[in-house]
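# Observations on the model geometry
Residues per chain are reported as follows:
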Amino acid sequence: MSTTRTTTVTGTSGRARDAEGMGALAELLVTAATRAPSPHNTQPWRFEVRGNGIALRLDRSRLLGVADPEGREARLACGAALFNLRLEARARGIAAVTELLPDRSAPDLLGVVRLAGAHRPSGEERALASAIPRRHTNRRPFAEEQPPEPLRHALRRAAQLESGVLDFLEEPTRFADLARMIRSAEAAQRDDDAFMAELRRWTTGVASVSDGVPSRASGPPPLEEGLVAVRRYGPGHRPPRAYERVPLLGVVLTDEDDQRAQLVGGHAMQRVLLAATAAGLSTSFVSQPMEVGSVKRELDRLVGSRGYPQTVLRIGYGYPGLPTPRRAAREVTRGLPPVAEPG
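The structure reproduced in this document is the subject of the present report. These numbers were taken from a predicted model, which means no experiment stands behind them. (Residues numbered from 1 in each chain as written. Predicted model: local features only at pLDDT ≥ 70, side-chain atom pairs only at ≥ 80, totals over all residues. Heavy atoms only, no water.)

Below, the discussion takes up the overall build of the protein. In terms of regular secondary structure, the protein is built from nine helices and eleven strands. In summary, the protein has a C-alpha radius of gyration of 20 Å against a globular reference of 20 Å for 343 residues, a match within 12%. Taken over the C-alpha atoms alone, the protein extends approximately 65 × 40 × 40 Å along its principal axes. Put simply, the protein has 343 residues, and 55% of those count as buried. Intrachain contacts of the protein at a sequence separation of at least 6 include 75% that bridge at least 24 residues. With an accessible surface of roughly 15000 Å², the protein has 51% of that area assigned to carbon and sulfur atoms. (Helix = DSSP H or I, 4+ residues; strand = E, 2+ residues; numbered from the N terminus. Rg over C-alpha atoms; globule rule 2.2 N^0.38 Å. Buried < 20%, exposed > 50% of the residue type's maximum accessible area, 1.4 Å probe, protein only. Contact = heavy atoms within 4.5 Å. Areas by Shrake-Rupley, 256 points an atom, 1.4 Å probe, with all protein chains shown as cover.)

See the structure below:
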């Protein structure tokens with residue numbers, strides 16, 4: 001997907017790219033965008049090709065009314081999708097700039113990636129773009145060995161490059177506090193009939209579906225309950241396995257906590273996830289504290305002045321897992337030219 005190819009993008013008057021050519025490029029870029037993670041793999045986005053730009057709108061029909069009623073996690077996912085789109089364009093030799101929330105009268109228009117001119121991709125851009133199709137949430141056990149400090153530093157830098165902060169909960173007291181919050185939120189959600197019903201609606205056992213979390217992508221049940229509760233999807237017919245006792249947990253933070261900051265948090269989160277993938281690491285989400293109001297307030301106090309938490313990541317060395325499915329680019333995009341009939 002990330003093969004470098006310099007492509008000139010001009011205005012329609014230049015005729016350097018006709019509608020068919022732009023459509024083919026847009027389909028490739030949207031395909032990369034849709035590989036972003038989303039809560040329960042809801043894929044809460046719609047795209048639209050606009051001249052030399054690709055817009056992303058929040059799809060409110062795919063919001064989680066119980067787990068994410070305000071759409072925080074959905075906007076985080078859309079920010080990650082915009083990051084993928086911009087990165088894939090740049091890795092293909094196309095200059096790309098993202099404009100967030102470009103129209104105050106259209107709050108669900110979350111961003112537009114504008115393509116203009118040639119770009120010489122860096123080695124880092126190529127490496128991150130090549131990780132887009134390989135990155136997936138790994139819900140399986142990780143090794144007890146944690147990533148060394150040089151890798152942690154690289155992941156912190158990845159967040160900083162997108163105006164975010166990755167705060168590793170390395171001190172024993174802070175880690176213990178966060179682990180307790182995760183267990184508390186997990187217990188609250190498991191006792192919430194509405195949450196569990198919503199979770200079941202997005203958990204599938206059919207391999208051909210294009211959204212939700214199929215049971216094959218879920219991790220096995222834990223052999224014994226560890227310090228950090230792992231969210232379970234599906235009926236859990238696999239035999240139990242031991243999870244790492246002390247996972248490496250990192251909180252993605254932003255300077256503010258409005259809708260724009262949530263999109264920026266999605267940029268930072270996705271760059272961290274791709275950098276981790278490129279370095280041979282596995283990642284998953286520990287979303288429970290973000291989804292229970294009382295626990296979220298505790299998490300706010302735990303990180304203090306460092307910033308506003310947007311998501312919690314689990315990072316480590318894991319055996320390869322299975323990716324969740326995605327809807328095709330043409331299913332989620334307006335403005336693509338029709339597929340030409342064979343002659």
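If you walk through the whole model with that rule in mind, you get zero aromatic pairs. Lying across the ring of phenylalanine 142, arginine 314 places its NZ or CZ 3.6 Å from the centre. (Phe/Tyr/Trp six-rings, centres within 6.5 Å; stacked < 30°, edge-to-face > 60°. Lys NZ or Arg CZ within 6 Å of the ring centre and 35° of its normal.)

Turning our attention to the pairing of strand β10 (residues 308–316). By the criterion of burial, β10 is predominantly enclosed, with eight of the nine residues buried. Pairing of strand β8 (residues 248–254) with β10 involves seven bridges; the strand directions are antiparallel. Residue pairing for β10: glycine 250 is matched across the bridge by leucine 313. Relative to β10, strand β9 (residues 282–285) runs antiparallel, the two being bridged by four bridges. Residue pairing across strands places threonine 283 opposite isoleucine 315, the latter belonging to β10. (Pairing = 2+ DSSP bridges.)

It is worth spelling out unusual backbone geometry at this point. Despite not being glycine, leucine 101 shows a phi value in the positive range, around 45°. Relative to the helices and strands, leucine 101 is located in the loop between β3 (94–100) and β4 (109–118).

Let us look at the packing of helix α2 (residues 72–91) against helix α3 (residues 123–131). Put simply, α2 and α3 touch, their axes get as near as 9 Å, and they point 125° apart. In terms of orientation, α2 and α3 fall into the oblique class. The chirality of how α2 crosses α3 is left-handed. Contacts between α2 and α3 involve Leu87, Glu88, Arg90 and Ala91 from the first element and Glu125, Leu128 and Ala129 from the second. Counted by class, the contact of α2 with α3 contains four nonpolar, no polar and three charged residues. (Axes fitted to C-alpha atoms, helices over the stretch in contact; angles between N-to-C directions. Parallel < 35°, antiparallel > 145°, perpendicular 65-115°, else oblique. Left-handed = near helix turned anticlockwise from the far one by under 90°. Nonpolar A, V, L, I, M, F, W, Y, C, P; charged D, E, K, R; others polar.)

One finds Trp45, Phe47, Ile54, Leu56, Leu115 and Leu155 to be the most contacted residues of the largest nonpolar core, which totals 59 residues. With twelve residues, α2 is the single largest residue contributor to this core. Apart from the residues lying within four places of it in its own chain, the contact partners of leucine 56 are Trp45, Arg46, Phe47, Cys78, Ala81, Leu82, Asp108, Leu109, Leu110 and Gly111. Counting residues in each nonpolar core, the second largest holds 20 residues, with Leu169, Ile182, Val286 and Leu302 among its members. (Core = buried A, V, L, I, M, F, W, Y, C linked by side-chain atoms within 4.5 Å.)

Before going further, it helps to spend a moment on helix α6 (residues 193–201). For α6, the complete set of buried residues consists of Phe195, Met196, Glu198 and Leu199. Viewed end-on, α6 has its buried residues packed into an arc of 160°, placing them on one side of the element. The exposed residues of α6 that point more than 90 degrees off its buried face are Asp193, Arg200 and Arg201. (Arc of directions from axis to C-beta.)

With that settled, consider the sheet that holds β4. Spatial ordering of the open sheet is given by β3-β4-β2-β1-β11, a layout of five strands whose pairing is mixed. Taken across any chain shown, the strands that pair with only one partner, and hence form the sheet edges, are β3 and β11 (333–334). Relative to β3, helix α7 (residues 259–278) is tilted by about 145°, and along the sheet it contacts β3 and β4.

Using the criterion set out here, one finds 24 salt bridges in the structure. For glutamate 170, the salt bridge goes to arginine 152, with nearest N and O atoms at 2.5 Å. Of this pair, glutamate 170 sits in the loop between β5 (165–168) and α5 (172–190) while arginine 152 sits in helix α4 (residues 149–161), and the two are 18 residues apart along the sequence. For arginine 152, a relative accessible area of 12% translates into the label buried. The salt bridge involving arginine 190 is made with glutamate 186; its shortest N-O contact spans 2.9 Å. Of this pair, arginine 190 and glutamate 186 both sit in helix α5, four residues apart, which is roughly one turn of that helix. Counted as one network, the salt bridges with shared partners bring together Arg86, Glu124, Arg157, Glu162 and Arg271. (Salt bridge = Lys/Arg side-chain N within 4 Å of Asp/Glu carboxyl O.)

The subject of this paragraph is the sheet that holds β8. Strand order in this open sheet of four strands is β5-β8-β10-β9, and the pairing throughout is antiparallel. Each edge of the sheet is formed by a strand with only one pairing partner; in this case those strands are β5 and β9. Across this sheet, the average inter-strand angle for adjacent strands is 35°, counted without regard to direction. Each of β5, β8, β9 and β10 is contacted by α7, which is oriented at about 10° to β10, the strand it contacts most.

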